[in-house]
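# Residue-level structure breakdown
Below, each chain spelled out in residue letters.
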Amino acid sequence: MRHSSQHGKLTVAWRSIYIQTHCTIRLKFRLRIMDSSTNSLDDVSADGSTDYPDRNSTMEVRLQAQEDEITLLKSSLADALRRIRIHDQLLPLLKQQLIAVNPSAARVLNQVCYADGFSSVRKLSASSPNDGIHHAASAARQQSESNVSNANGHIGGVNSSEHQSHQRLPSLDKSTQTEPTMFSLSEGVQSLQLEDAFPPGQLALDGTRGKLHHIPSMEEEEEDRVDEEARRDQKKEMNSAPSVEEHFQPSTVRCLQKEEFQDGSCSPDEPRSASASPGSDQNLSSRSGPLSPIQEGDRTLVRRNSEKLGNPEKQRKRLDKKAASSANLLTRSPSLENRAKELIAGAGLPGARRGTYSQEQSIKMFIRGRPITMYVPSNIQNYDNLKMELPSERLELDWVYGYRGRDCRANLFFLPSGEAVYFIACVIVLYHINNRTQRHYRKHTDSVRCLALHPDKVRVASGQTAGVDKDGKSMQACVHIWDSTTLVTLQQIGLGTFQRGVGVGSLAFSIADSGAFLCVIDDSNEHILSVWDCTKGTKHAEIKTTNEAVFVVDFNPSDSTNIITCGKSHVYFWTFNAGQFTKKQGIFGKYKKPKFIHCFVFSITGDVLTGDSEGNILPWTKSAADTKTLGKGAKAETYQIVRPIKAHEGSVFTLCALRCGSLLSGGGKDRKIIRWSADLAPERECEIPEKFGAVRTVAVVDDEEILVGTTRNAILRGSFSDGFVAIVQGHLDEMWGLATHPSQDIFLSCSHDRQVCLWNTEKHNLDWCITLEEYGLCGDFCPNGSVVTIGLNTGRWVVLDLVTREVICESTDGNEQLSVMRYSPDGRFLAVGSHDNFIYIYNVTESGRRYSRFGRCNGHSSFITHLDWSKDGCYIMSNSGDYEILYWDIAGGCKLLRNRFESKDREWASFTCVLGFHVIGVWMEGSDGTDINALCRSHSERVVAVADDFCKVHLFQYPCPKPKAPSHKYEGHGSHVTNVCFTHNDSHLLSIGGKDTCILQWKVTRGGVGESKEMPASASSTSTSSPEPPAS
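Residues numbered from 1 in each chain as written. Predicted model: local features only at pLDDT ≥ 70, side-chain atom pairs only at ≥ 80, totals over all residues. Heavy atoms only, no water.

## A few points about the overall build of the chain
Put simply, the test is: Secondary structure elements are taken from DSSP: a helix is a run of H or I of four residues or more, a strand is a run of E of two residues or more, and numbering for both begins at the N terminus. Burial here depends on accessible area, computed with a 1.4 Å probe over protein chains only, as a share of the maximum for the residue type. Under 20% is buried, over 50% is exposed, and the range in between is partly exposed. The contact rule is simple, with two residues in contact once any of their heavy atoms fall within 4.5 Å. Accessibility throughout is a Shrake-Rupley quantity obtained with a 1.4 Å probe, and a residue counts as covered only by protein chains that appear here.
Counting secondary structure elements, the chain contains 11 helices and 62 strands. Relative to its 1032 residues, the chain shows a buried fraction of 57%. A sequence separation of at least 24 residues applies to 55% of the contacts in the chain between residues at least 6 apart. For the chain, the exposed area adds up to about 43000 Å²; of that, 47% sits on carbon and sulfur atoms.

Right under this line is the structure:
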């Protein structure tokens, strides 16, 4: 029984080795499929293929739905390699130990080898370790004990009626029957012990750990064959006796995919047991897999596979076919160890981006652990010697479209130089209202939130919010004091002091002492009020104001020790003396307390006038406390309302005092501007057009003319007698759609505000604007320039006539948003990329006025993000949300091109796809795949502009095929940059922000250090910006 026990344990060891080897071959098979045809997962990801067997198609679908499975496969392969190395070192010892405890195994194993098609009988020796895998597994099935487990895990006998199954061939997977040279296993395994070859929980031989007895040689085994026959007969008699039922715990063998093991070659994830009946050792049930006897004292426990074997001849043909396929794959693959090293090295971190160069002239780039293969064009002979340099072209900020009025206040002032000062995104614009030129102050690193004008009308203070960098760390907010004439920064105040930035309208210079002090309220929960020395930049004092929102702060023009703040349901009067603050609250008394106090101003008499959400103007004055109303405990002196004046329907958003003592008020709901006399009697009024929104702020130009900032991001210029016209306009919500005209200096933008706007880059104004039923996300001009197509968020797209602005055609593709519209270079086709994963192709006739469905590109496993046409108008390159690069033959019927190698030399009419060989270098190290929102190659094919998720615009040389390429970086946007586009003659680059609703127009210049040469342009505008270091 001792020999029988040792034999059972050794058989379990052989079975473990067999399973590990078999699963490793399966892993190699699957990995080879992923690299077959194009050596890229992008080719395998397209569905509907008929070039592969059904099993491969099933695996392709799995790979599409689970991109993280790739990393899992690599990890599993590495683990299998480790186990195989251990078993490989133990094979000679295990085979000799098997011979020592059961000499009859040699002849049985040799017979099995002969039955499996070996040309000659192989003897067991330490020099052929791989043979032991197959011999041991076969011997485990032929030499199994007579007892098998029933469905409940108990022991029973094998039915003798199944005696005919003794001639059935073993069901080993021939994919494991490869020559030893197919594997390249590492040598040198440290701390090897014999129990590593057994399943967990099994004891080593004879209760020892790694101890081996004397092992007889093969010659001694041959001399004892007579004894083997006698021992075999004795064993048969023992097997015929019934055994006692006993529970045991079956082991679970985890395989790669359950559906791949339906041939009985490996146990799937779900272990099974079956009822057994008495029989001999040769009578294995046709429903049973290979049996593995496990000895427990005097009882024999049997573990078996759960898969059915089926017809022996059919099984043999299936195994032969699988063995040939596996051998072919292994022959074409590198060694197992080298392959594992390559996969482990290529897995990377989830957010890593790396590029590797292979000898097959292809580049493999990793984004979020997913490999993306791109082939090197034929005109690049030596990729390693390519040098990435900064482009000679540079960008200069030429014009800023838009104004931030929707959520800011007190952000429009008029300078004696004839310039209006306002801000949007990170740029403060100085716009000359007569000359129609712009200058820009660009020292802020995040969105500007507030402005204050010094009493000298030259210095300006501006505060920014505290944003976050690309790593999610909070950036430091500050206030800049700068000269509006030279655009030079004079003082930087409170760097890192203001939590979450400076609040809206929370800056004010003192007036009584000629602007010696600056008061600031930050955007923290406590809204801390601080007073700073403007010359030294030092803080004098600070105090917490309130947890409610604060809208405005200002000094008393006649007394710099008095400061007033107002906001949600409060008006506070502060006294600043000797570094200490004292506060008095405005008393509403018998009057209704409004929800918001939006603004206040000082009258010519020194009283405070506030405008609130009830539409009232409330005059406040200092008076003795009314003990009847406030009680006996009231303070001796308080600030109370004199009498409320009903001024507007809805809120009063702004109040502006004139030199003559008159007052201007701007209403919200009624959109009126009213002029009041010194005693608050209405004199004149006017109403601004509804399309511009409500009045947000007012700036006085002279006694008659004023500037009005509105809630719909427009600045109006006019007077009560002549009315108002817009001099600055912009979008109201997030922008994504941008397109430039193929031959004129105009471009189109569309936003979530449902507006489609056509801008003129030469005149710097808005040509026209229309409002659609749904908001637009993308657009493109027809090559003839007469119409433009807009893709909407509902799957509908419309064609607009540029002259009449009418919708001349419309269609719907799917019910999800459209992400890209692109005409072919010759104008024969229109490609519509949708979030339903399809690209719809239309025939275009009648100069872009008639469209008919031509076909549909089906193959992407995620939504379409970008696409480009080839110069001949026959092919499309497309990107998707899961980082695929696919190529399509449109002229051939919208067919997916499986062999991406054939597209490596194709020339593209445009290049907006963010993934491709020519733009590998634009991706920063550690990019997660969403860091680049858009890019655009210039028409001269010299540079490529990139819009990233960190508020920056980059300018790279083109092509840019190597990682870590240098670029010029430009700041100005206060939100993620969603799109960029060159004008038709490359004279300008346009970039749009997401939430900042800002459009920046950059002038493209060329030249080296110290010189600047403009690109050809029809006209240039006068525009200067604050001095700043060169872009890097």
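## Let's talk about the packing of aromatic side chains
The condition is simple: Note on aromatic pairs: the rings of Phe, Tyr and Trp (six-membered ring only in Trp) are paired at centre separations within 6.5 Å, and the planes decide the class, stacked below 30 degrees, edge-to-face beyond 60, tilted for the rest. By the criterion adopted, a ring carries a charge over it if an Arg CZ or a Lys NZ lies within 6 Å of its centre and within 35 degrees of its normal.
Applying the stated criterion across every chain, the model contains 25 aromatic pairs. With a centroid separation of 6.0 Å and an interplanar angle of 90°, the aromatic rings of tryptophan 399 and tyrosine 431 are classed as edge-to-face. Residue tryptophan 399 is located in strand 8 (residues 393–401), and its partner tyrosine 431 is located in strand 11 (residues 427–432); the two are separated by 32 residues in the primary sequence. Note on tyrosine 431: relative accessible area 2%, which makes it buried. For the ring pair phenylalanine 838 and tyrosine 840, a centre distance of 6.2 Å and an interplane angle of 80° mean the geometry is edge-to-face. Put simply, the rings of Tyr572, Trp574, Phe576 and Phe581 pair up and form one aromatic cluster. The ring of phenylalanine 653 has arginine 696 sitting right over it, with the charged end atom 4.7 Å from the ring centre. We note arginine 856 situated over the ring of phenylalanine 838; from NZ or CZ to the ring centre the distance is 3.9 Å.

## As for the pairing of strand 46 (residues 818–823)
The condition is simple: By this definition, two strands are paired if DSSP reports at least two bridges between them.
Of all the six residues making up strand 46, six are buried; the element is thus mostly covered by neighbouring parts of the structure. Hairpin geometry of strand 46 and strand 47 (residues 829–834) is characterised by an intervening segment of five residues between the two adjacent antiparallel strands and by a positive phi of about 80° at glycine 827.

## Structural notes on unusual backbone geometry
Geometrically, the link from tyrosine 958 to proline 959 is a cis peptide bond, its omega value of 0° lying close to zero. Looking at the secondary structure, you find proline 959 in the loop between strand 56 (952–957) and strand 57 (968–971). Unlike most non-glycine residues, arginine 368 shows phi in positive territory, near 55°. Residue position: arginine 368 is located in the loop between strand 6 (362–367) and strand 7 (370–375). With a phi angle near 60°, lysine 964 is a residue other than glycine that sits in the positive phi range. As for its placement among the helices and strands, lysine 964 is situated in the loop between strand 56 and strand 57.

## With respect to the side chain of histidine 976
As a reminder of what qualifies: Pairs of N or O atoms are called polar contacts if they sit within 3.5 Å, as long as, within protein, a hydrogen donor faces a hydrogen acceptor (for residues adjacent in sequence, only side-chain-to-side-chain pairs).
You can see histidine 976 is positioned in the loop between strand 57 and strand 58 (977–982). In terms of polar contacts, histidine 976 uses its side chain to reach the side chain of glutamate 734, at 3.1 Å. With residues near it in sequence (within four places) discarded, histidine 976 still touches Glu734, Trp736, Asn933, Asp948, Asp949, Cys951, Ile992, Gly993, Gly994 and Lys995.

## Details of the sheet that holds strand 56
Heads up, the rule is: Note on definitions: angles span 0 to 180 degrees between N-to-C directions of axes, and those axes are lines fitted to C-alpha atoms, for helices only across the stretch in contact.
Taken together, four strands build an open sheet; the order of strands is 54-55-56-57 and the sheet is antiparallel. The open sheet terminates on both sides in strands that have one partner only, identified here as strand 54 (932–937) and strand 57. For this sheet, the mean angle separating the axes of adjacent strands, direction not counted, is 20°. Sheet analysis places strand 56 next to strand 57, joined by four bridges and oriented antiparallel. By the bridge assignment, lysine 952 is partnered in strand 57 with glutamate 971.

## Description of the sheet that holds strand 39 (residues 746–751)
Sheet architecture is open: four strands sit in the order 38-39-40-41, paired in antiparallel fashion. The open sheet has two free edges, formed respectively by strand 38 (735–740) and strand 41 (765–771), since each of these has just one partner strand. Sheet twist, expressed as the mean angle between neighbouring strand axes with direction ignored, is 20°. The pairing of strand 39 with strand 40 (residues 755–760) spans five bridges and is classified as antiparallel. Along strand 40, the bridge assignment pairs serine 749 with cysteine 757.

## Considerations on the pairing of strand 15 (residues 479–483)
Strand 15 sits mainly inside the fold: five of its five residues count as buried. Where strand 14 (residues 459–464) and strand 15 come together, five bridges link them in antiparallel fashion. Across the sheet, the residue bridging to alanine 461 is isoleucine 481, located in strand 15. Taken together, the four bridges between strand 15 and strand 16 (residues 489–493) define a ladder with antiparallel strand orientation.

## Structural notes on the environment of cysteine 769
Positionally, cysteine 769 belongs in strand 41. For the pair formed by cysteine 769 and arginine 805, sequence separation is 36 residues and the distance between their alpha carbons is 8.8 Å. Among all residues touching cysteine 769, those that are not within four sequence positions of it are Gln755, Val756 and Cys757.

## Description of the confidence of the model for the chain
To keep things clear, this is the line we draw: One number per residue, pLDDT, summarises how confident the predictor is, and it ranges from 0 to 100.
Averaged over all residues, the pLDDT of the chain equals 75, while 63% of them reach at least 70. Averaged over each element, pLDDT in the chain is lowest for strand 4 (residues 299–304) (35) and highest for strand 11 (98). Below pLDDT 50 for its whole length, residues 34–53 participates in 61 contacts with residues either more than four positions away or in separate chains. The low-confidence segment residues 321–354, where pLDDT is below 50, has 79 contacts with residues more than four positions distant or belonging to other chains.

## Side note on the state of the cysteines
Using the following cut-off: The disulfide criterion is simple: two cysteine sulfur atoms within 2.5 Å.
Here the structure, examined in full by the defined rule, presents zero disulfides. Here cysteine 936 is not cross-linked by a disulfide; its sulfur's nearest cysteine counterpart is in cysteine 981, at 4.5 Å.

## Overview of the pattern of salt bridges
This is how the line gets drawn: Salt bridge, as applied in this entry: a Lys or Arg side-chain nitrogen positioned within 4 Å of an Asp or Glu carboxyl oxygen.
Following the criterion strictly, the structure yields 25 salt bridges and no others. Where arginine 439 meets glutamate 419, a salt bridge forms, and the shortest distance between an N and an O atom there is 2.8 Å. Taken together, the positions of arginine 439 in strand 12 (residues 437–441) and glutamate 419 in strand 10 (residues 419–424) put the pair 20 residues apart, joining distant regions of the chain. Note on accessibility: arginine 439 and glutamate 419 belong to one class, buried. Members of the salt-bridge network, linked through shared partners, are Lys871, Glu907, Arg937 and Glu941.

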